[in-house]
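Now for the letters of each chain:
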Number of protein chains: 2
Amino acid sequence: MSNILVFGHQSPDTDAITSAISFSYLQNQLGKKTEPVALGKPTEETQFALDRFNTEAPRVVSTVSEETDQVMLVDHNEKQQSVADIESVEVLAVVDHHRIANFQTANPLYYRAEPVGCTNTIILKLFKENSVAIPQNIAGLMLSAIISDTLLLKSPTCTSEDEQAVKELADIAGDDYEQYGKDLLKAGTNTADKTADQLLNGDAKNFPMGEHTVRIGQVNVVDVDEVLDRKAELLEEMEAQSKGEGYDLFILIVTNVLDSDSVAVVFGKDADRAAKAFDKKLSGSTMLLEGVVSRKKQVVPQLTKELS
Amino acid sequence: MSNILVFGHQSPDTDAITSAISFSYLQNQLGKKTEPVALGKPTEETQFALDRFNTEAPRVVSTVSEETDQVMLVDHNEKQQSVADIESVEVLAVVDHHRIANFQTANPLYYRAEPVGCTNTIILKLFKENSVAIPQNIAGLMLSAIISDTLLLKSPTCTSEDEQAVKELADIAGDDYEQYGKDLLKAGTNTADKTADQLLNGDAKNFPMGEHTVRIGQVNVVDVDEVLDRKAELLEEMEAQSKGEGYDLFILIVTNVLDSDSVAVVFGKDADRAAKAFDKKLSGSTMLLEGVVSRKKQVVPQLTKELS
């Protein structure tokens, strides 16, 4: 009989990859014959966790029905986030922490969803309920997922169960989770290998505000200085692109995912008005925006109001 | 703040009513403010359990949004089985043992489904996982639901977890579950108050078989003799109806839900061929059909083959 395949969502993050590994391990200990797979390659952050805990990345698949009739889903349930041929196989089990939608089965199944910060927080409970011991490397991967999903326990989605799970898993993994967590998140926000153009435009959009054309990029980091040390290079690139593209204002939001603050690097003739939008003054073309993490909700409306 | 309402499906059976009571109790012990309600009145079987364990039937509702914004579902998830205005409220939690279909939420929720025989088998696990003690009367109601859903552990849907749950709950309820289970199932299959016509036609269908018109009724009992003692009265009624309606053969399948056997009462000119279909001979217009519980799968095809 073919293995039951266990997998997380498309464009997998650390929880999607590692919850497939941890849940598959648990199921195998309980007598099932399963294999973890993934719907994409690991991100840099996930690869950092896999390397640290000596685990191979799961095999990448995009369809499954040619090799199995039965699957288990982790960290997702909606069919458009799953394998292309999800409707050709039977879903035996789901472990997830998202809303339920676009999901339907013909038969009763095992479904375990809880409104916590990370799928692996639920899987830890399943290990305990079934009295199965967690190997050190799998505990490390589960720990990595919770750190990733909760931004080291600082996200608004983090619950007391996630906090408790991080402590228990860190004990098994033998790790100082605070130090490791920073290293892990940093691996996922590596900026050193990126060009100034990649930093500015990797996630950037144009916003018309009154008569002005404003371009706003955002980059997530755990070490703001790693980007700010390149301020001269960035401003030079912003100037060149503003001339070429006709931007009146170019802003790069450098967001520290650990402390939920951002520093804005600002270039253009409207730079002072941009600062005024936040009741700030620029210092060397930058300003600190305390508590700002969302461009959509915490930057664009304020600038629009000032410039329109 | 209004109570969170907890309820099972429409046309509630014993599991639908009692899982609302047991899950609501558990949630209240965990600090929520909930109330069990029901989408219909208790059946005779359910009322027997409620009386035995000194519990009032839950208040009956058909809509909920006029009194609460939040609900918890037990023993169902499909919206057409739920309250009419289910899409106007937020579903905080679901505990169920059916397939998932026609169910969608906007937010993450608690969802616990397992492919076992009864919702209360899952709720027993939730009590244990949360270290909440089960009061004697609630244990008795939970026990009743598992007995009902599994036909006293004899249904093909019954799992080893259901069996174990029955033993644990019977210990808390202080009951001999085998004796109580028979009494409970019997309460749900009361035939004493029914007329011969109600017994024959309460669940009956006509089947054309070759040139013959065959009418087959079925009645579930725990005491076959309670029906067979009325054989003369039944045959008299079958004769009258056969003449009036032109049946060539009238069969009443009296199914013992405890031992999964049936006795057929047979009237008509084709009676001997009906017996031959099962390699039987009639004795006083009856025959024992060992292991037969399904008219659709275990009676109609055999008769059709013989008479066509």
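Above this text sits the structure in question.
Residues numbered from 1 in each chain as written. Chains lettered and ligands numbered in written order. Predicted model: local features only at pLDDT ≥ 70, side-chain atom pairs only at ≥ 80, totals over all residues. Heavy atoms only, no water.

**Student:** Please clarify how the overall build of chain A should be interpreted in this entry.
**Tutor:** Counting its regular elements, chain A contains 12 helices and 11 strands. Projecting the C-alpha coordinates of chain A onto the three principal axes gives extents of approximately 65 × 40 × 30 Å. With 308 residues in all, chain A has 54% of them scored as buried. Contacts in chain A between residues far apart in sequence, at least 24 positions, make up 62% of those at least 6 positions apart. For chain A, the exposed surface amounts to about 13500 Å²; the carbon and sulfur share of it is 46%. Across chain A, the mean location of the 29 positive side-chain charges is 5 Å away from that of the 49 negative side-chain charges. (Helix = DSSP H or I, 4+ residues; strand = E, 2+ residues; numbered from the N terminus. Buried < 20%, exposed > 50% of the residue type's maximum accessible area, 1.4 Å probe, protein only. Contact = heavy atoms within 4.5 Å. Areas by Shrake-Rupley, 256 points an atom, 1.4 Å probe, with all protein chains shown as cover. Lys, Arg positive; Asp, Glu negative; His and termini not counted. Charge placed at Lys NZ, Arg CZ, Asp CG, Glu CD.)

**Student:** Could you clarify how one ought to interpret the environment of V257 of chain A in this entry?
**Tutor:** Residue and element names in this part refer to chain A. If you trace the backbone, V257 turns up in the loop between β9 (249-256) and β10 (261-267). The class for V257 is buried, based on a relative accessible area of 11%. Through-space distance from the C-alpha of V257 to that of S285 is 22 Å; in sequence the pair is 28 residues apart. The contact partners of V257, leaving out residues within four places of it in the chain, are L151, N220, V221 and V222.

**Student:** Would you mind showing me how to read the packing of aromatic side chains here?
**Tutor:** Both the distance between ring centres and the angle between the ring planes are used here to describe each pair of aromatic rings. In total, this model carries 11 aromatic pairs over all chains according to the counting rule given. Seen from their ring centres, F103 of chain A and Y111 of chain A are 5.5 Å apart, and the 70° between their planes marks the pair as edge-to-face. An identical accessibility class is assigned to F103 of chain A and Y111 of chain A; each is buried. Taken together, a centroid distance of 6.2 Å and an interplanar angle of 20° make the contact between F48 of chain B and Y180 of chain B stacked. Taken together, the positions of F48 of chain B in helix α2 (residues 44-52) and Y180 of chain B in helix α6 (residues 177-187) put the pair 132 residues apart, joining distant regions of the chain. (Phe/Tyr/Trp six-rings, centres within 6.5 Å; stacked < 30°, edge-to-face > 60°.)

**Student:** Help me understand the pairing of strand β2 (residues 34-38) of chain A, please; the structure alone is not making it clear to me.
**Tutor:** It is a general feature of regular strands that their side chains alternate between the two faces of the sheet. Residues and elements named next belong to chain A. With 3 bridges joining them, strand β1 (residues 4-7) and β2 adopt parallel strand pairing. Residue pairing in the sheet places I4 in a bridge with T34 of β2. In this fold, the crossover linking β1 to β2 by way of helix α1 (residues 14-29) has right-handed handedness. Sheet topology note: the β2/strand β3 (residues 59-60) ladder contains 2 bridges and is parallel. By the bridge assignment, A38 is partnered in β3 with V60. (Pairing = 2+ DSSP bridges. Right-handed = clockwise from strand over helix to strand, strands pointing away.)

**Student:** Is there a simple way to explain the side chain of D15 of chain A in this structure?
**Tutor:** Within the element layout of this structure, D15 of chain A appears in helix α1. Apart from residues lying up to four places away in sequence, D15 of chain A is in contact with D75, H97, C118, T119, N120, A145 and D149 of chain A.

**Student:** How should the nonpolar core be read in this particular structure?
**Tutor:** General note: in soluble globular proteins, nonpolar side chains tend to be found buried as a group. Residues and elements named next belong to chain B. Within the largest apolar cluster, 48 residues are counted, with the highest numbers of intra-cluster contacts made by F23, I134, M142, L143 and L169. With 8 residues, helix α4 (residues 136-150) is the single largest residue contributor to this core. Residues lining this core come from more than one domain, with at least three contributed by each of domain 1 (4-187) and domain 2 (196-307). If near-sequence neighbours (up to four positions away) are discounted, I134 is found in contact with L124, F127, A139, M142, L169 and I172. (Core = buried A, V, L, I, M, F, W, Y, C linked by side-chain atoms within 4.5 Å. Domains from an automatic or database assignment.)

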